Amino acid sequence: MSVDTRQKIEVLGRSAQYDLCGEACGTEASRVRDDLGRWIYPAVLPDGKRVCLLKVLLTNACENNCYYCANRASRNFRRISFTPEELAYAFDQMHRKGLVEGLFLSSGVCNAARTMDRMIATVELVRRRYAFPGYVHLKILPGATFAHVERAVQLANRVSVNLEAPNPERLARIAPPKDFTTHLLQPLHWARRLIEESKRGSVSQTTQFVVGAADETDRELLSTTAQLYREIGLARVYFSAFQPIAETPLEDHPPTSPLREHRLYQSDFLLRQYGFTFEDLVFDESGNLPGQADPKLTWAQAHPECFPVEVNRASREELLRIPGIGPTSASRILKLRREGKVRELSDLRRIGAVAHRAAPFVLLNGQQPPFQLSLW
Ligand code: SF4
């Protein structure tokens, strides 16, 4: 691999850091530098497998001027691009050396149709010329055509469109050239239909919000999130706390706290894995999630009529409403009950539940276990 190609991977890997591709991915702290100093990210695949991805842009040149973005056209820095042949070859080299097990490809936009053509050409080379059968996540750019989305769904394991904001009004405040409905939502709908029609059932799609840039509320973000899961069948929604970048219109806008991002992810888990609906989520008067307690505890405190729950009789759905009990511990409780009764907090602790959190909300064999009142 030439020095020029190595430098491009270094620069375009760094430029790709704002695109999220999995739980353990996207931050400076989570990336792994290999001995050549390239940008490789650990990520969790849809099947739970952990892999190292080459996360890279095809180009950091962009004709758009989104207010929050480091790659916006008006910023003054060196723009570089890969050709599809260069990038596909570089990826193959890294894969053969065992440095990476998958590819995450995004890009700045220099004529959406032309850039999508080049991204697709890159993945076609990776699949055909280099016979790579593994994981590819391909970003669909705003303004992509139906034909682009169709080819992307044929080639990739995961496709994504970054909505960035929860509705057209908020998007107009931070990315005026993008049209929420036609540029962003439409490709997600196309991808959903194509995935349903395709024989490759393992293809999934995701999106990402930049949290706080448009002064949107958590209620707006989670309302759209719930709708995306319900109506478009997204596999994941990612939340990226806004951080101001110099030489952008939002350089003086306050950064979003990591705690806000964390509370959004906790709520997202409730929607995806705990049977909660958007209507269950509790917001404060400003439309945001309370920061002082996690969203499940907040819901439980707002619904004293639902507690205490007798752990030995509760359904799985009822167990999942108890703070400190997650999907895994709920399954283990159901299994444990087939062998005998759950009598002590130590029984809950043993199967992985956070017993001290659950204590104020449960009955164990008819008895309320001891707990510290301060937990309320
Ligand atoms: S289109 Fe993408 S790369 Fe270009 S300025 Fe907007 S967010 Fe940044």
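Residues numbered from 1 in each chain as written. Predicted model: local features only at pLDDT ≥ 70, side-chain atom pairs only at ≥ 80, totals over all residues.

Chemist: Summarise the overall build of the protein chain; cite the residues concerned and give the values.
Modeler: Across its full length, the protein chain holds 13 helices and ten strands. For 376 residues, the compact-globule estimate of 2.2 N^0.38 gives 21 Å, and the protein chain sits close to it at 23 Å. Overall size of the protein chain, expressed as C-alpha extent along the three principal axes, is 70 × 45 × 40 Å. Taking all 376 residues of the protein chain together, the buried fraction comes to 43%. Nonlocal contacts in the protein chain, meaning residues at least 24 apart in sequence, comprise 64% of its contacts between residues at least 6 apart. (Helix = DSSP H or I, 4+ residues; strand = E, 2+ residues; numbered from the N terminus. Rg over C-alpha atoms; globule rule 2.2 N^0.38 Å. Buried ≥ 20, exposed ≤ 12 C-beta atoms within 10 Å, placed from the backbone. Contact = placed C-beta atoms within 7 Å.)

Chemist: An account of helix α4 (residues 146–155) is needed here, citing residue identities and associated values.
Modeler: Listed as buried for α4 are His148, Val149, Arg151, Ala152, Val153 and Leu155. In this structure, the buried residues of α4 make contact with α3 (112–128), β5 (135–139), β6 (158–160) and α6 (180–197).

Chemist: I'd like to hear about the site of the ligand, residue by residue, with values.
Modeler: Residues in contact with the ligand, as listed here, are Cys62, Asn64, Asn65, Cys66, Cys69, Asn71, Arg72, Gly108, Val109 and Ala175. Grouping the amino acids of the shell around the ligand by side-chain chemistry returns five nonpolar, four polar and one charged. (Near = placed C-beta within 6 Å. Nonpolar A, V, L, I, M, F, W, Y, C, P; charged D, E, K, R; others polar.)

Chemist: Could you give me a rundown of the confidence of the model for the protein chain, with the residues and numbers involved?
Modeler: For the protein chain, per-residue confidence averages 91 on the pLDDT scale, and residues scoring 70 or more make up 92% of the total. This model gives residues 23–33 a pLDDT under 50, and the stretch forms 21 contacts once residues within four places in sequence are excluded. (pLDDT = per-residue confidence, 0-100.)

Chemist: With reference to specific residues and values, describe the nonpolar core.
Modeler: If you look at the biggest cluster of nonpolar residues, it comprises 80 residues, and the most contacted ones within it are Val123, Leu138, Ala152, Val153 and Ala156. Sorting elements by how many residues they give to this core places α6 first, with seven residues. For Leu138, the residues in contact, after removing those within four places along its chain, are Leu105, Met119, Val123, Ala152, Leu155, Ala156 and Val159. Judged by nonpolar contacts, the second largest core, of 19 residues, contains Trp299, Leu319, Ile325 and Val342. (Core = buried A, V, L, I, M, F, W, Y, C linked by C-beta atoms within 7 Å.)

Chemist: Which residues make up helix α11 (residues 327–339), and what values go with them?
Modeler: Its 13 residues place the ends of α11 19 Å apart at the C-alpha level, agreeing with the 18 Å of an ideal helix rising 1.5 Å per residue. Within α11, burial applies to Ser329, Ala330 and Ile333. One side of α11 carries all its buried residues, which in axial view fall inside an arc of 105 degrees. Exposed residues lying more than 90 degrees from the buried face of α11 are Thr328, Lys335, Arg338 and Glu339. (Expected span 1.5 Å × (residues − 1). Arc of directions from axis to C-beta.)

Chemist: Got a sec to walk through the environment of Leu58? Specific residues and values, please.
Modeler: Tracing the sequence through the fold places Leu58 in the loop between β3 (50–57) and α2 (84–96). On the basis of neighbour counts, which here come to 26 C-beta atoms within 10 Å, the residue Leu58 falls in the buried class. Separated by 54 residues in sequence, Leu58 and Ala112 place their C-alpha atoms 12 Å apart. If we ignore the near neighbours within four places in the chain, the residues touching Leu58 are Ser81, Phe82, Leu87, Leu105, Ser107, Thr115, Arg118, Met119 and Thr122.

Chemist: Residue-level account of the environment of Gly233, with values.
Modeler: Positionally, Gly233 belongs in the loop between α7 (218–232) and β8 (236–241). Separated by 28 residues in the primary sequence, Gly233 and Gln205 have C-alpha atoms spaced 8.1 Å apart.

Chemist: Pulling in residues and values, what's your account of the pairing of β5?
Modeler: Moving residue by residue along a regular strand, the side chains alternate between the two faces of the sheet. Extensive coverage of β5 is indicated by the burial of five of its five residues. What you see with β5 is no split at all: Tyr135, His137 and Lys139 on one side and Val136 and Leu138 on the other are buried throughout. Relative to β5, strand β4 (residues 102–106) is paired through four bridges, and the arrangement is parallel. The residue of β5 that forms the bridge with Phe104 is His137. Handedness of the crossover joining β4 and β5 through α3: right-handed. Viewed along the sheet, the connection from β5 through α4 into β6 turns out right-handed. (Pairing = 2+ DSSP bridges. Right-handed = clockwise from strand over helix to strand, strands pointing away.)

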